[in-house]
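# Coordinate inspection notes
What follows is the residue order along each chain.
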Amino acid sequence: MQDNPSIQFDEQRLAKRQQLLEEGVELYPHEFRRSHTIDTVREEFSEIGHDPSAEIISTAGRLYGVRDHGKTFFADLRDETGRIQLYIRKDALPEGKFQNFKNCIERGDIIGVKGRVFKTKVGEISIFVDDMTLLTKTLCSLPEKFHGLTNLEKRYRQRYLDLIVNEDSRETFRTRSRIISLLRNYLTNDGFLEFETPTLQPLYGGANARPFTTFHNFLGQKLYLRIAPELYLKRLIVGGFEKVFEVAKNFRNEDIDTSHNPEFSMVEIYQAYADYHDMMRLTESVVSTVISDITGGNEVSFEDNTISYKTPWQVMTMENAVRTIGGVDVFAHDVDALRIIGEKLGVEGVLDARSQREMLVLFFETLVEDKLIQPTFITDFPVENSPLAKSHREKEGFVERFELFIAGMELANGFSELNDPLDQVQRFEAQEEKRRLGDEEAQMHDYDFVNALGYGMPPTGGVGIGIDRLVMLVTGNSSIKEVILFPSMRREQVVQENDKEPLPLDDGNV
RNA sequence: GGGUCUGUAGCUUAGUCGGUAGAGCGGCGGACUCUUAAUCCGCAGGCCAGGGGUUCGAGUCCCUUCAGGCCCGCCA
């Protein structure tokens, strides 16, 4: 066991484990009944004085600080609900238990205690321990008590350890869990039904992205991990469900950085008889409700900015945003002139762009996106970039689409859903053409989906909201790795003790 | 993919011009019955991320591999 360099067990802890075993102590008992969690001890005994309570309580948790005073100890015990101090006296414990504790129980171990509650001289609510039980012997030693664990790589790879020692991190993930519950509650209270659609898909679609591929042995067929649930959720609208959503994990085979993880979470929402204006209102309402429920207000600081989520949020067409924020009136110039302007302003890709509408998107991405700090809906996108969105009812060459930007990040993307099957066929064909020209992110032609539209999908509005980014905004974390429990990391190579050569990495069977 | 910075004990880290790797916490031993980063005395713990080179001598300089952070590009 100790020859394996991947195992981080501490020799001294192993020795204590052995000593406990020899003394007949059960290292990993099966259960412990608590009369109180730590927060309920604090609530119930908030008025207790220096004399210990008559009531004997039992509670359990992990030991943190242990302060040795010879014949007494003070120790910090923590469970999910909080921290409380233990007061442990040699003369109060059953015969032998104190020595046992002193020799073999340490920081990081999980114990159960029985005792009476009192307040110490300096006024801290504590448990006067009458008996204690080892519940789990810990073999790995904890990071130090003061600086804790700060190494980012270790925090991400060993998240359990991060959660044990960093309260901030626990709080972030508690908030993440609450946000997802709030999203669900909001939508289900509003009459939406939650569904699960395939993660393994024979065709991928619903977004422009490179997929992960896998293989199903029985079907003898290549499958893709979904890049979006969109096309399946719209099939549900065709089938007659009118308000649907899915909290979906999506997979995109792309680079990793502070705002992208290869697997990420979105909530996608579709509503029959609604359009993109309705979905903007829904998005605004859902997100601002989450903000106020979590923070109790409507302002949250993020990086160097204070973001105000006070509704209504600003709405601008992309054309207008490029004109007023980027300073370029795209439709006042021809493509040649736009190339010159774009070059001068450092807009990437202008030499390849062939239309004003393509230029618009390029100018928007370079000149506007990262300036959209306060919540802003950008509307009316060129048709070429939006193969699943319905043509604009007034503007030729545009679709009824919006994206929500906050702190320069795209948080949501929605549109009036394209439901004209022939138009959809043409859009897919245009995507196919892009694929033939080498665009790996262009969408696949999904014939079953167009057949579904052939049976008739009512006018529908849809939106996807990025959950990870929402959590970043709410918790003030500027890295997506801080809000994903187990972010994607490159595998560490295991070095064999005897030859120091890295072991060959198994590629798996796919 | 490009640039840049980082990797020293379980954790947090110091290490100057290249000259025996130092501390705090944690651990172990000892003292201590109201402490809370408890305190006091003593001890152990390091192939300085891996490999190669320069040098009498490398944690330090050079090359390279691995992993990570940050910035840019692409995607949400």
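Residues numbered from 1 in each chain as written. Chains lettered and ligands numbered in written order. Predicted model: local features only at pLDDT ≥ 70, side-chain atom pairs only at ≥ 80, totals over all residues. Heavy atoms only, no water.

### Side note on the overall build of chain A
Heads up, the condition is: Working definition: helices are DSSP H or I runs of at least four residues, strands are E runs of at least two. Numbering for both runs from the N terminus. Classification of residues uses two cut-offs on accessible area relative to the type maximum, computed with a 1.4 Å probe and protein chains only: under 20% is buried, over 50% is exposed, and between them is partly exposed. Contacts are assigned to residue pairs with any non-hydrogen atoms lying within 4.5 Å of each other.
Scanning chain A for helices and strands turns up 14 helices and 18 strands. With respect to the principal axes defined by its C-alpha atoms, chain A has extents near 90 × 60 × 50 Å. Relative to its 510 residues, chain A shows a buried fraction of 47%. Sequence-distant contacts in chain A: of pairs separated by 6 or more residues, those separated by 24 or more amount to 64%.

### Some remarks on the domain arrangement of chain A
Going by this rule: Segmentation of the chain into domains, including their bounds, is taken from an automatic or database domain assignment. Accessible area that two parts lose when put together, with a 1.4 Å probe and added across both, is what the buried area reports. Any Lys or Arg side-chain nitrogen located within 4 Å of an Asp or Glu carboxyl oxygen qualifies as a salt bridge. Nitrogen and oxygen atoms within 3.5 Å of one another constitute a polar contact, given that in protein one can donate a hydrogen and the other can accept it, and given that sequence-neighbouring residues count only through two side-chain atoms. Basically, the charged four are Asp, Glu, Lys and Arg, the nonpolar ten are Ala, Val, Leu, Ile, Met, Phe, Trp, Tyr, Cys and Pro, and anything else, Gly included, counts as polar.
Segmentation of chain A into domains returns domain 1 (11-142) and domain 2 (164-320 + 404-509). Computed over C-alpha atoms, the centres of domain 1 and domain 2 are 45 Å apart. Both sides together, the interface formed by domain 1 and domain 2 hides about 410 Å², and carbon and sulfur atoms give 44% of it. In terms of surface lost to domain 2, no three residues of domain 1 exceed Tyr-64, Arg-78 and Glu-80, which account for 64% of the buried area on that side. At the surface where domain 1 touches domain 2, the tally comes to zero salt bridges. Connecting domain 1 to domain 2 are two residue pairs in polar contact (both at pLDDT 80 or more). Counted by class, the side of domain 1 that touches domain 2 contains two nonpolar, no polar and three charged residues.

### Examining the sheet that holds strand β6 (residues 193-194)
Formally: By the convention used here, strands pair only if DSSP detects at least 2 bridges between them.
Read across the sheet, eight strands follow the order β6-β10-β11-β18-β17-β16-β15-β14 without closing on themselves; strand pairing throughout is mixed. Every interior strand has two partners, whereas the edge strands, β6 and β14 (314-317), have only one. Taken together, the four bridges between β14 and strand β15 (residues 376-382) define a ladder with parallel strand orientation. By the bridge assignment for β15, Val-315 is matched with Phe-377.

### Describing the protein's contact with RNA strand B
Quick reminder of the rule: Throughout, near means a residue has at least one heavy atom within 4 Å of the molecule or strand.
Near RNA strand B, the surroundings consist of 50 residues, among which Lys-16, Lys-145, Glu-153, His-260 and Arg-469 are the closest. The protein-proximal atoms of RNA strand B, defined as those within 4 Å of the protein, are 54% sugar or phosphate. Separating a base oxygen of RNA strand B from a side-chain N or O atom of Gln-85 is a distance of 2.6 Å. The set of elements that each furnish at least two residues to the surface near RNA strand B consists of α1 (11-22), β1 (57-68), β2 (72-79), β3 (82-89) and α4 (152-157). Ranked by residues supplied to the surface near RNA strand B, first place goes to α4 with five residues. Grouping the constituent residues of the surface near RNA strand B by class yields eleven nonpolar, 17 polar and 22 charged.

### Some words on the packing of aromatic side chains
For clarity, the threshold we go by: Ring pairs shown here join Phe, Tyr and Trp side chains whose ring centres sit within 6.5 Å, with only the six-membered ring taken for Trp; geometry is labelled stacked below 30 degrees between planes, edge-to-face above 60, and tilted in between. We call a charge positioned above a ring when the Lys NZ or Arg CZ atom is no farther than 6 Å from the ring centre and deviates by at most 35 degrees from the ring normal.
A complete count under the given rule lists 14 aromatic pairs for this structure. Considering the side-chain rings of Tyr-87 and Phe-118, the 5.7 Å spacing of their centres and the 55° angle between planes classify their relative orientation as tilted. A residue pair is termed long-range when its members are at least 10 positions apart, and Tyr-87 in strand β3 and Phe-118 in strand β4 (residues 110-119) qualify at 31 residues. In this pair, the class of Tyr-87 matches that of Phe-118, namely buried. One aromatic cluster in this structure is built from Phe-74, Tyr-87, Phe-118 and Phe-128. A cation sits over an aromatic face here: Arg-78 above Tyr-64, 3.8 Å from the ring centre. One residue, Lys-395, lies across the ring of Phe-398, its end atom 5.9 Å from the ring centre.

### Description of the pattern of salt bridges
If you walk through the whole model with that rule in mind, you get 42 salt bridges. Close ionic contact of Asp-130 with Arg-116 constitutes a salt bridge, the shortest N to O distance being 2.9 Å. Of this pair, Asp-130 sits in strand β5 (residues 125-136) while Arg-116 sits in strand β4, placing them 14 residues apart in sequence. Assessed through its relative accessible area of 19%, Asp-130 is described here as buried. A residue is classified by how much of its surface remains accessible, and Arg-116, at 24% relative accessible area, is partly exposed. Look at the salt bridges and you will find they share partners, linking Arg-13, Lys-16, Glu-106, Asp-109 and Lys-137 into a network.

### Quick word on helix α3 (residues 97-104)
Basically, it comes down to this: The arc refers to the directions leading from the helix axis to the C-beta atoms.
Listing the buried residues of α3 in full gives Phe-98, Asn-100, Phe-101 and Cys-104. Across the axial projection of α3, the buried residues extend over an arc of 165°, all falling on one side. On its buried side, α3 packs onto α1, β1, β2, β3 and β5.

### Some points on the side chain of Asp-275
Within the secondary structure, Asp-275 is located in the loop between β11 (263-272) and α8 (276-295). Polar contacts involving the side chain of Asp-275 include one to the main-chain amide nitrogen of His-277, which spans 3.0 Å. Only 2.8 Å separates the side chain of Asp-275 from the side chain of Arg-393, close enough to count as a polar contact.

### What about the nonpolar core?
Convention followed: Throughout this description, the term nonpolar core refers to a set of buried Ala, Val, Leu, Ile, Met, Phe, Trp, Tyr and Cys residues connected via side-chain atoms within 4.5 Å.
In terms of nonpolar packing, the biggest core is built from 42 residues, with Ile-269 and Ile-465 touching the most fellow members. Of the residues forming this core, the biggest block, nine residues, is contributed by α8. In contact with Ile-269, not counting residues within four places along its chain, are Leu-187, Phe-192, Val-244, Phe-245, Met-279, Leu-282, Gly-461, Gly-462, Val-463 and Ile-465. Counting residues in hydrophobic clusters, the runner-up holds 40 residues, among them Met-318, Val-347, Leu-388 and Phe-415.

### Some thoughts on the packing of α1 against α3
Which entries qualify depends on this criterion: Inter-axis angles, ranging from 0 to 180 degrees, are taken between N-to-C directions of lines fitted to C-alpha atoms, where helices are fitted over the stretch in contact. Angle categories: roughly parallel below 35 degrees, roughly antiparallel above 145, roughly perpendicular from 65 to 115, and oblique for all the rest.
With their axes 10 Å apart at the nearest point, α1 and α3 run at an angle of 160° to one another. One finds that α1 runs roughly antiparallel with respect to α3. Taken together, the residues of α3 that come into contact with α1 (itself represented by Lys-16, Gln-19 and Leu-20) are Asn-100, Asn-103 and Cys-104. Its residues placed into classes, the contact of α1 with α3 shows two nonpolar, three polar and one charged.

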